Amino acid sequence: MTGTWRLDGARQTLVLASVDGRLPQVVYWGAPLPRDEDLATVAAMQGIDVTGGMLDRTPDLSICPEASASFPGQPGLVVQSQDGTPILPRFALTDAAEGQNSLSLTCRDVDNGLTYRAEFALDPDTGVLTAWAEVASDAPVRLHWLAAPVLPAPQRADELLDFSGRWCGEFQVNRVPWTPGIRTRESRTGRSGHEHFPGLIVPARGATNTAGEAWGFHYGWSGGHRMVAEELPDGRRQVQFGHATGTEKDADTVFRTAPLFCTYSAAGLNGLAIAFQRHLRDRVVTWPQPDRPRPVHYNCWEAVYFDHRLEVLLDNATRAAALGAERFVLDDGWFGRRDDDTTSLGDWVIDARKYPEGLDPLIDHVHGLGMTFGIWFEPEMVNPDSDVYRAHPDWALGPADQVLGRQQMVLDMANTEVRDYLHDRIAAVLSAYAIDYIKWDHNRLLPSPDAAQTRGAYALLDRLRAGFPQVEIESCASGGGRIDTGILQRTQRVWLSDSNDALERLRIQHDAALFLPAAITGSHVGPRTCHTSGRVFDIRFRAWVAAQRHMGFEMDPRELTEDEARVLTEVTTWWKRNRDWMMDADILRLDSADPAVIAEQQLARDGGRFVVFAGKAASSAQIAPRPLCLTRLDPDARYRVELVNRADGPRLSRGAPALKDGPQTVSGRYLMQAGLTLPWSFPDTMWVVEGTRL
């Protein structure tokens, strides 16, 4: 006897089946199936043969593979009794509840007193499938591993794409071939991490950014996580995501995974990107002021660091406003006796030496310039040299003689006293001053991973959001060390990287766009000489790279020449003129024929306009630029295309490509098949092309 269920969207179908009451398994996930498809036949058709060296019945690759069923790979649940005795569950389906675009499955292991529940929901608009699992026990047990509902990976894929990185080098794509056995990625730093972004893409053979099939996964958890991509001896493949192993430190009766966000695309990696970008922006993030345009950001960190002198900050604010900034953010150094990173974290009291009249003179000046005001906190951290640590050394995680990170330790966020203290200190600052933005940093790794720490951080954020609903929060963890849907349920912006190096940013932003929309991705124009790489870039390149996302500045504006100030003001004005549609646009990565060019096309939701950013990251092998083919346009429509910054062409660009003369009108089919022929340019430059459907 076979029970079957299906979830359908415009771009995909998911089919699950349970045979003889066993744990259900996913028997189909891909392009939409006909509504009258016989699902029992689908379930039967995916069954594999049995031959020598195999069991007489192939163990199910279920949504929670069971070791008790002789499953030859990673089980979906590893659990022990309180005394350490392994428990090998054997679940039977007890209930299946179907809702509109949702499915709830409940299974029971009577002998071991365990209940397993899996929830699925398919968003018909964004095309993202959300799934999570829960296990409940009649008596407390110790959990080692619980996977979110397990999904199969296609066997027509040759590789998988996962993501590594480092400080100032986030979102590095790893192309790893499928081979028999396990590919495991595990973040044990206590945050989602630069090193292990919790995402995975499985492209079918031949898939590109713009064409072919692909499957995408993202685990929405801000603490340590684990990914398993496994090819079984029989050839089947599975993908598992869950909290990092062993991070549930205490025995309990209920354990639950974070949501796993998944989607299928028949239109290349861009199909995945569109689904993830829209779902994150439109379903996950809650905006304090949804109708407010995204403000141009000015952060003072790389201008003054810890040297807070009011007259300098007032001058910088005035100059930033003249350049087009609409928000001023006061970064680290305003509290305690914070003259460097060795002291005062946790003492969230304004430094009277630097601000004898409090923050009012600075905030009043900022507001007088028409800007709003934001401020930096790092609530989860503490310096040993701080009043709070001297009073409560027991509030810090780990031993007193631990190796410090950036001269700091981590506060125990599972402790309600700690959270109450932090809430009261932060709330006092937010109540005393007109602040509409927090940059929330997280610079030290945990001494050991602990899921309770993440839940505590969520609780503090949730409480502050409830008390100050109009305050926007940015997630910053040494730059991009904590970016995931878990933190973005509570924040509205991410600081993608501490690198303001425009060349590094060009690549980081390009790869992060597989998951992140422009509206939440902060990107700043840094100093002429980059503080993290030492490289020097022209203001035009720096400005246009920042204009690809939520634009801001982070430099001392006093260093700008008259020409640099003019260019930056012009690009900022262009960004403001286009931000309303760009912040709601789909970011499409283009398949550039020239590997030296990193290019993307931001396409309005209604398809009526687009902008192409073509960044030249290196010298090309050939002399002339290769044509750049666009994507997802109406082939029969006519488009007016214009090179926005054609005046930036170098003297060595001596020819007469049509775009250098002015706007041109061509069909969408031409732009997708033949492409844009751009002028010659130096490395470390950007061409920007606007398109409008006529």
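Remember, it's a predicted structure, so these values are computed and weren't measured experimentally.

**Topic: the packing of aromatic side chains**
Item 1. Using the criterion set out here, one finds 28 aromatic pairs in the structure.
Item 2. On the numbers, 4.8 Å between centres and 70° between planes, the contact of Trp301 with Tyr305 is edge-to-face.
Item 3. Judged by its relative accessible area of 16%, Trp301 falls in the buried class.
Item 4. For the ring pair Phe328 and Phe373, a centre distance of 6.2 Å and an interplane angle of 15° mean the geometry is stacked. Of this pair, Phe328 sits in strand β21 (residues 327-330) while Phe373 sits in strand β22 (residues 372-377); the two residues are 45 residues apart in sequence, bridging distant segments of the chain.
Item 5. Taken together, Phe163, Phe171, Phe197, Phe276 and Phe515 form an aromatic cluster joined through their ring pairs.
Item 6. Taking NZ or CZ as reference, Lys616 lies 5.3 Å from the ring centre of Trp680, over its face.

**Quick look at the domain arrangement of the chain**
Item 1. Considered domain by domain, the chain is made up of domain 1 (2-280), domain 2 (285-582) and domain 3 (589-693).
Item 2. The interface is formed by 39 residues belonging to domain 1 together with 42 residues belonging to domain 2.
Item 3. A combined buried area of about 3300 Å² lies between domain 1 and domain 2, and 60% of that area is made up of carbon and sulfur atoms.
Item 4. Among the residues of domain 1 in contact with domain 2, Phe171, Arg191 and Leu280 are the three that bury the most area, contributing 23% of the side total.
Item 5. The tally of links from domain 1 across to domain 2 stands at 1 salt bridge.
Item 6. Arg455 is the partner of Glu248 in a salt bridge, and the nearest nitrogen-oxygen pair spans 2.9 Å.
Item 7. Taken together, domain 1 and domain 2 are joined by 20 residue pairs in polar contact (both at pLDDT 80 or more).
Item 8. If you list the elements that add at least two residues to the side of domain 1 that touches domain 2, you get β12 (169-177), β14 (199-203), β15 (214-219) and α2 (268-284).
Item 9. The greatest single-element share of the side of domain 1 that touches domain 2, amounting to 6 residues, is contributed by α2.
Item 10. For the side of domain 1 that touches domain 2, the residue count by class is 19 nonpolar, 15 polar and 5 charged.

**A short note on the UniProt feature "domain: Glycosyl hydrolase family 36 N-terminal" (unreviewed entry) in the chain**
Item 1. Per the UniProt record, "domain: Glycosyl hydrolase family 36 N-terminal" (unreviewed entry) is annotated on residues 23-242.
Item 2. As annotated, residues 23-242 comprises 3% helix and 48% strand, and the C-alpha atoms at either end are separated by 19 Å.

**Re the sheet that holds strand β27 (residues 493-495)**
Item 1. Spatially, the 8 strands close up into a barrel ordered β20-β21-β22-β25-β26-β27-β28-β29, and their pairing is parallel. With direction set aside, neighbouring strand axes in the sheet form an average angle of 30°.
Item 2. Here helix α4 (residues 310-323) sits on the sheet and contacts β20 (297-299), β21 and β29 (550-553); the angle it forms with β21, its principal contact strand, is near 150°.

**Examining the pairing of β14**
Item 1. β14 sits mainly inside the fold: 5 of its 5 residues count as buried.
Item 2. Burial of the side chains of β14 extends over both faces: Gly199, Ile201 and Pro203 are buried on one face and Leu200 and Val202 on the other.
Item 3. Pairing of strand β11 (residues 159-166) with β14 involves 2 bridges; the strand directions are antiparallel. When the bridges of β14 are listed, Leu161 appears paired with Ile201.
Item 4. Across 5 bridges, the pairing between β14 and β15 is antiparallel. Paired with Pro203 across the bridge in β15 is Ala214.

**Points about the side chain of Asn443**
Item 1. Locating Asn443 in the fold gives a position in the loop between β25 (437-440) and α8 (451-467).
Item 2. Ignoring any residue separated from it by four or fewer positions in sequence, one finds Asn443 in contact with Arg191, Trp376, Glu378, Met381, Arg406, Gln408 and Ser478.

**Observations regarding the environment of Cys530**
Item 1. Take Cys530: it is sitting in the loop between β28 (521-525) and α11 (539-546).
Item 2. Residue Cys530 is classed as buried on the basis of its relative accessible area, which comes to 5%.
Item 3. When the C-alpha positions of Cys530 and Glu302 are compared, they lie 9.5 Å apart, and in sequence the two are 228 residues distant.
Item 4. With sequence-adjacent residues up to four places away left out, Cys530 is seen in contact with Asn500, Asp501 and Arg535.

Rules and cut-offs
Residues numbered from 1 in each chain as written. Predicted model: local features only at pLDDT ≥ 70, side-chain atom pairs only at ≥ 80, totals over all residues. Heavy atoms only, no water. Phe/Tyr/Trp six-rings, centres within 6.5 Å; stacked < 30°, edge-to-face > 60°. Buried < 20%, exposed > 50% of the residue type's maximum accessible area, 1.4 Å probe, protein only. Helix = DSSP H or I, 4+ residues; strand = E, 2+ residues; numbered from the N terminus. Lys NZ or Arg CZ within 6 Å of the ring centre and 35° of its normal. Domains from an automatic or database assignment. Contact = heavy atoms within 4.5 Å. Buried area = accessible area lost by both parts, 1.4 Å probe. Salt bridge = Lys/Arg side-chain N within 4 Å of Asp/Glu carboxyl O. Polar contact = N/O pair within 3.5 Å; in protein donor to acceptor, adjacent residues only side chain to side chain. Nonpolar A, V, L, I, M, F, W, Y, C, P; charged D, E, K, R; others polar. UniProt positions renumbered as here; feature names shortened; annotations may be inferred. Pairing = 2+ DSSP bridges. Axes fitted to C-alpha atoms, helices over the stretch in contact; angles between N-to-C directions.

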